Amino acid sequence: MTLEEIHGQENTMENADRVQSAGAALEELLIAAKKQDYLTVGVYESAKVMNVDPDSVAFCILATDEEYGCDIALQIHFTLIQAFCFDNDINVVRVNDIDRLADLVGADETGEPKDAHCILVTSPSANPWKDPALDKLSLFCEESRSVCDWVPTITLPER
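The structure reproduced in this document is the subject of the present report. These figures come from a predicted structure and were not determined experimentally.

**Some details on a nonpolar patch on the surface**
Moving on, step 1. A grouping of Ile72, Ile76 and Leu80 is seen on the molecular surface, where their side chains present a nonpolar patch of about 310 Å² in accessible area.
Moving on, step 2. Position of Ile72 relative to the elements: it lies in helix α3 (residues 72–87).

Given below as structure tokens:
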């Protein structure tokens, strides 16, 4: 085994720990933001918030599933949302477990699961919300960008 192979294994293990830690922080953030009523759930609802009050957006989560590759409209929305986030210095991540996200954000008034393809964590501009989980995720996104991973993927912890 060469030194490069050993170093590569160490980096893979460190990266897995980072992603797992980020997943726990994301879960904490979503639960705290939901309690504070700082979540916007849904692609169209998120687009409205970004259009009306972009300064209130603190974090963006895009969720994919098996059907994502076949949904051209959703891919276009994701591309536009990512571009908006990059232009406005909003951290954005992907999560591959849309069902778990839907469980975390809850159901709508009719009891149907919300469209969890896009979730925004918002914070009022007049009184910015501080949360340790948001700080952890911001650091995770910054570290990911330093290795050219512009939209990192996070894995939520198992239940």
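**Side note on the nonpolar core**
Moving on, step 1. Formed by 31 residues in total, the largest nonpolar core has its most connected members in Leu26, Phe59, Ile61, Leu101 and Ile119.
Moving on, step 2. No other element matches the 7 residues that helix α1 (residues 3–36) contributes to this core.
Moving on, step 3. If sequence neighbours within four positions are ignored, Ile119 has contacts with Leu30, Leu39, Thr40, Val41, Ser46, Phe59, Cys60, Ile61, Leu101 and Val105.

**Focus on the pattern of salt bridges**
Moving on, step 1. By the definition in use, this model includes 1 salt bridge.
Moving on, step 2. Between Arg100 and Glu27 there is a salt bridge, with the nearest N and O atoms lying 2.7 Å from each other. Here Arg100 is found in helix α4 (residues 98–105), whereas its partner Glu27 is found in helix α1, with 73 residues between them in sequence.
Moving on, step 3. Exposure remark for Arg100: the relative accessible area of 11% places this residue in the buried category.

**Re the environment of Thr40**
Moving on, step 1. Note on placement: Thr40 falls in strand β1 (residues 39–41).
Moving on, step 2. Remark: the alpha-carbon pair of Thr40 and Val57, spanning 17 residues in sequence, is separated by 9.4 Å.
Moving on, step 3. Filtering out sequence-adjacent residues up to four positions away, Thr40 remains in contact with Glu45, Ser46, Val49, Cys118, Ile119, Leu120 and Thr122.

Quick notes on the rules
Residues numbered from 1 in each chain as written. Predicted model: local features only at pLDDT ≥ 70, side-chain atom pairs only at ≥ 80, totals over all residues. Heavy atoms only, no water. Patch = residues over 30% accessible without salt bridge, like charges linked within 9 Å, V, L, I, M, F, W, Y side chains within 5 Å. Areas by Shrake-Rupley, 256 points an atom, 1.4 Å probe, with all protein chains shown as cover. Salt bridge = Lys/Arg side-chain N within 4 Å of Asp/Glu carboxyl O. Helix = DSSP H or I, 4+ residues; strand = E, 2+ residues; numbered from the N terminus. Core = buried A, V, L, I, M, F, W, Y, C linked by side-chain atoms within 4.5 Å. Buried < 20%, exposed > 50% of the residue type's maximum accessible area, 1.4 Å probe, protein only. Contact = heavy atoms within 4.5 Å.

Read these as geometric descriptors, not functional statements.
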